[in-house]
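Listed below, chain by chain, are the residues.
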Amino acid sequence: IPVDPFDLVIFGGTGDLARRKILPALFHRFHAGQMPAEARVIGAARGEMSTEDFRAFAAEALDEFAPGQDRVWVDEFLQRLDYVTVDARGEDGWGDLGEKLRPDVVRAFYFSVAPALFADIAERLSQHGLTDATSRIVVEKPFGKNLETARALNRTMASYFDESQIYRIDHYLGKETVQNLMAIRFGNMLFEPLWNSQFVDHIQITVAETVGVGGRGEYYDTSGAMRDMVQNHLMQLLCLIAMEPPAKFDPDAVRDEKLKVIRALDPVPPHHIVRGQYEELEDDEGRHPSYREAVGNPRSRTESYVALRTTISNWRWAGTPFYLRTGKRLKARSSVINVMFKPMPHSIFGTEAGEHQNTLSIRLQPNEGITLGVTIKEPGPGGMRLIDVPLDMTFAEALGPDGHHADAYERLIMDVIRGNQTLFMRGDEVEAAWAWTDPIIEGWESRNDVPKGYASGSAGPADAELLLRRNGREWRGIN
Ligand code: BG6
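Here, residues in each chain are numbered from 1, in the same order as that chain's written sequence. For this predicted model, a pLDDT threshold of at least 70 governs which residues receive local features, and a threshold of 80 or more governs which side-chain atom pairs are given and counted, while totals over whole chains, interfaces and linings are taken from all residues. Only hydrogens and water are removed before side-chain values are computed, so all heavy atoms of the structure are retained for them.

Caption draft 1: Highlighting the sheet that holds strand β13 (residues 334-341). Two strands are counted as paired when DSSP detects at least two bridges linking them. For helices the rule is a DSSP run of H or I covering at least 4 residues; for strands it is a run of E covering at least 2, with both sets numbered from the N terminus onward. Across the sheet, nine strands lie side by side as β16-β15-β14-β13-β7-β12-β11-β8-β17; this open sheet has mixed pairing. Edge positions in the sheet fall to β16 (386-394) and β17 (452-454), since each has one partner strand and no second. Each neighbouring strand pair of the sheet contributes to a mean axis angle of 20 degrees, computed without reference to strand direction. By the bridge criterion, six bridges tie strand β7 (residues 200-208) to strand β12 (residues 322-327) in an arrangement that is parallel. By the bridge assignment for β12, Gln204 is matched with Tyr323. Only the contacting stretch of a helix is used when fitting its axis, a line to C-alpha atoms as for every element, and angles between N-to-C directions run 0 to 180 degrees.

Caption draft 2: Fine view of the site of the ligand. We call a residue near a molecule or strand whenever a single non-hydrogen atom of that residue lies within 4 Å of it. Every residue lining the ligand is accounted for by Lys141, His171, Tyr172, Lys175, Glu209, Arg216, Asp228, Met229, His233, Lys328, Arg333 and Gln365. Definition of a polar contact: a pair of N or O atoms within 3.5 Å, with one able to donate and the other able to accept a hydrogen when the atoms are protein atoms, and with sequence-neighbouring residues admitted only if both atoms are side-chain atoms. For the ligand, an oxygen atom lies 2.7 Å from a polar atom in the side chain of Lys141. Here an oxygen atom of the ligand and a side-chain polar atom of Glu209 are 2.5 Å apart. Definitions used for this entry: grid spacing 1 Å over protein atoms alone; cavity, a set of points where a 1.4 Å probe fits but cannot get out; pocket, an open set with protein on both sides within 12 Å along at least 5 of 7 lines; lining residue, one with an atom within 4 Å of a point. Whether a molecule lies in a cavity or pocket depends on its atoms, and more than half of them have to be within 2 Å of the grid points. Cavity membership is defined here by more than half of the atoms lying within 2 Å of grid points; on that basis the ligand lies in the largest pocket. In terms of residue count, the dominant contributor to the shell around the ligand is helix α9 (residues 224-242) (three residues). Amino acids outside the nonpolar list (Ala, Val, Leu, Ile, Met, Phe, Trp, Tyr, Cys, Pro) and the charged list (Asp, Glu, Lys, Arg) are all regarded as polar, and Gly is one of them. Classifying every residue of the shell around the ligand by side-chain character gives two nonpolar, three polar and seven charged.

Caption draft 3: Broad picture of the packing of α9 against helix α10 (residues 251-264). Close contact between α9 and α10 brings their axes to 9 Å; oriented N to C, the two are set at 105 degrees. By the criterion of interaxial angle, the relationship of α9 to α10 is roughly perpendicular. Of the residues in α10, those touching α9 at Met235, Gln236, Cys239, Leu240 and Ala242 are Lys258, Val261 and Ile262. For the contact of α9 with α10, a count of residues per class yields six nonpolar, one polar and one charged. Here is the rule for angles: anything less than 35 degrees is roughly parallel, anything more than 145 is roughly antiparallel, 65 through 115 is roughly perpendicular, and the remaining ranges are oblique. The contact rule is simple, with two residues in contact once any of their heavy atoms fall within 4.5 Å.

Caption draft 4: View of helix α13 (residues 427-447). In this scheme, a helix's expected span is set at 1.5 Å multiplied by one less than its residue total. Here α13 is 21 residues long and its end C-alpha atoms lie 30 Å apart, about the 30 Å a rise of 1.5 Å per residue gives. What we call the bend at a residue is the angle made by axes fitted to the seven residues finishing there and the seven residues starting there. Of all bends in α13, the biggest is about 30 degrees, found at Thr437, and the proline Pro439 comes one to four residues later. Once α13 finishes, Asn448 follows within two positions and takes phi at roughly 50 degrees, a positive value.

Caption draft 5: Expanded view of the UniProt feature "domain: Glucose-6-phosphate dehydrogenase NAD-binding" (unreviewed entry) in the protein chain. In the numbering used here, UniProt assigns the feature "domain: Glucose-6-phosphate dehydrogenase NAD-binding" (unreviewed entry) to residues 9-180. Secondary structure content for residues 9-180 is 44% helix and 16% strand, and the end C-alpha separation is 30 Å. UniProt positions are given in the numbering used here, feature names are shortened, and annotations may be inferred rather than shown by experiment.

Caption draft 6: The arrangement of the sheet that holds strand β5 (residues 136-139) in detail. With parallel pairing, the six strands of this open sheet are ordered in space as β3-β2-β1-β4-β5-β6. Among the strands making up the open sheet, the edge pair consists of β3 (81-85) and β6 (166-168). With direction set aside, neighbouring strand axes in the sheet form an average angle of 20 degrees. Lying over the sheet, helix α1 (residues 16-31) contacts β1 (6-11), β2 (40-45), β3 and β4 (106-111), oriented at roughly 170 degrees with respect to β1.

Caption draft 7: Highlighting a nonpolar patch on the surface. Taken together, the side chains of Ile348, Phe349 and Met384 present a nonpolar region at the surface, about 320 Å² in accessible area. In this structure, Met384 sits in the loop between β15 (369-377) and β16. Within the patch definition used here, like charges are joined within 9 Å and nonpolar side chains (Val, Leu, Ile, Met, Phe, Trp, Tyr) within 5 Å, considering only residues with over 30% relative accessible area and no salt bridge. Per-residue and other accessible areas follow the Shrake-Rupley method at a 1.4 Å probe size, with only the shown protein chains counted as cover for residues. Note on definitions: salt bridges are taken to be side-chain nitrogens of Lys or Arg within 4 Å of carboxyl oxygens of Asp or Glu.

Caption draft 8: Examining the pairing of strand β14 (residues 359-365) more closely. Note on classification: 1.4 Å probe, protein chains only; a residue is buried when its accessible area is under 20% of the maximum for its type, exposed when over 50%, partly exposed between these limits. Buried residues dominate β14, accounting for seven of its seven residues. Where β13 and β14 come together, six bridges link them in antiparallel fashion. Following the sheet pairing, Asn338 is matched in β14 by Ser361. The pairing of β14 with β15 spans five bridges and is classified as antiparallel. Bridging across to β15, Leu360 finds its partner in Leu372.

Caption draft 9: Structural detail: helix α12 (residues 408-418). Within α12, ten of the eleven residues are buried, leaving the element largely enclosed by the surrounding structure. For α12, every residue scored as buried is listed here: Ala408, Tyr409, Glu410, Arg411, Leu412, Ile413, Met414, Asp415, Val416 and Ile417. Residues of α12 that are buried make contact with β1, α1, β4, β5, β6 and α7 (176-187). The N-terminus of α12 is capped by Asp407, whose side-chain oxygen sits 2.8 Å from the backbone nitrogen of Tyr409.

Caption draft 10: Quick peek at empty space enclosed by the protein. Grid points are joined across faces, edges and corners, and a volume is the space filled by probe spheres set on the points. Under the defined criterion, the tally for this structure stands at two cavities of 30 Å³ or more. Put simply, the largest cavity is a space of about 50 Å³. Considering the residues around the largest cavity, the lining is formed by Lys141, Phe143, Gln231, Asn232, Met425, Val430 and Trp434. When residues of the lining of the largest cavity are traced back to their parent elements, those giving at least two are α9 and α13. Classifying every residue of the lining of the largest cavity by side-chain character gives four nonpolar, two polar and one charged. Every residue along the wall of the second largest cavity is listed here: Leu8, Ala108, Tyr110, Val138, Ile413, Val416 and Ile417. Broken down by secondary-structure element, the contributors of at least two residues to the lining of the second largest cavity are β4 and α12.

Caption draft 11: View of the nonpolar core. The criterion is simple. A nonpolar core is a set of buried Ala, Val, Leu, Ile, Met, Phe, Trp, Tyr and Cys residues joined through side-chain atoms within 4.5 Å. Formed by 145 residues in total, the largest nonpolar core has its most connected members in Phe6, Phe11, Leu26, Leu97, Tyr110, Phe111 and Leu360. Here this core spans two domains, and each of domain 1 (6-140) and domain 2 (173-406 + 426-469) adds at least three residues to it. Excluding anything up to four places from it in sequence, Phe11 contacts Ala44, Val86, Trp94, Leu97, Phe109, Tyr110, Phe111, Ser112, Val113, Ile121 and Leu125. Domain segmentation is taken from an automatic or database assignment of domains.

See below:
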């Protein structure tokens with residue numbers, strides 16, 4: 001179903017995110033018939049560029065990030081693009097931008113720029129009368145780098161826009177399986193009654209990447225895995241796994257429940273966290289630089305890996321450990337949530353009661369799907385021997401008719417146009433997440449903590465294994 005006609009202005013329209021994600025996402029939605037022909041996408045940036053140049057830039061972006069497309073479709077899409085030179089910190093270009101915007105269509109502004117420019121852009125949009133109560137703005141992470149800066153940013157945004165107009169993107173919330181997580185939990189009778197500390201032994205959330213910091217060293221070295229991944233992506237996954245059922249699938253009902261989870265998270269003592277930094281690797285493809293080399297800072301103490309154990313002090317989860325880990329340059333790309341149920345209290349089969357344990361694995365990427373690990377009798381005449389087998393649900397239906405896999409950005413941008421904030425973070429959620437993360441990071445800084453080195457291509461620092469092994473548990477997924 002096509003969304004309403006819209007004008008989408010992308011500040012930072014010639015930037016990396018626009019090239020890699022936003023423009024390809026819009027193209028795919030156009031191709032799928034969801035972006036209507038009357039929609040307009042206006043690139044806005046400081047550089048002098050004609051609309052033709054911008055279209056050529058977009059065409060190259062599509063060649064690279066949405067390759068193999070039919071030329072006719074691409075040309076049709078490019079006709080929807082426009083460009084305007086705007087100085088975020090000055091007065092140039094704002095009048096031109098105003099002239100391009102149409103009345104009576106949905107108006108959205110995507111702030112795909114450094115956060116330092118958010119306030120300037122918001123102020124100018126409002127000074128020049130380019131926004132009204134129905135306009136939407138989309139902001140990317142990093143949303144602050146601690147509680148104080150996030151609060152300041154929220155306050156600035158609040159002086160120009162109502163919270164209902166602000167769409168803070170966490171692209172993990174746009175991933176297919178993440179939404180399926182809610183469907184699984186709240187659409188089945190099977191799981192919810194067991195979804196608590198009485199039946200769940202512990203939960204693991206792994207977001208492992210094989211890539212290193214690449215060309216983003218400058219940003220990443222001031223951030224680290226805790227700020228870059230845990231405070232936002234892993235926290236959001238944790239919320240969806242742990243939250244109470246919202247009364248309805250409505251943006252504030254869902255976000256209220258997520259917020260309660262974050263507020264109930266216990267502080268993490270230092271011996272429940274492992275930080276790591278990847279070392280250089282020599283393999284068939286050549287030499288891969290160490291983290292320190294990649295960021296150009298030989299003394300860097302920034303972590304490219306973190307594993308931690310936390311608990312949630314509420315009625316449902318008291319005492320159940322949640323183990324979170326994420327890192328770069330690990331042996332496999334794998335984002336997975338494992339819900340590990342408690343073992344049977346007693347075995348009637350002569351096996352050890354603790355030998356078998358149901359698991360529910362929710363795979364975000366790659367190979368999206370859900371696997372329920374169940375225990376059955378080993379087939380054959382060998383007697384009553386038990387084995388664990390997977391009941392596998394792979395989400396092939398997540399693929400469109402053309403085999404295209406809808407990217408998180410496609411879904412999220414269309415939600416902005418539809419005015420649905422369910423999959424976006426509210427300001428208080430972001431602040432609560434920082435309030436939990438800040439003491440951890442401040443602790444590292446005050447102790448001058450040095451991350452443990454780990455071999456590129458490994459499962460991370462050995463100490464991360466101990467975090468679980470101490471309690472007789474082990475990581476699932478990559479080991
Ligand atoms: C981004 C982080 O938000 O998420 C990156 O800044 C990380 O460091 C990326 O690589 C991971 O996203 P995905 O969708 O590839 O899992």
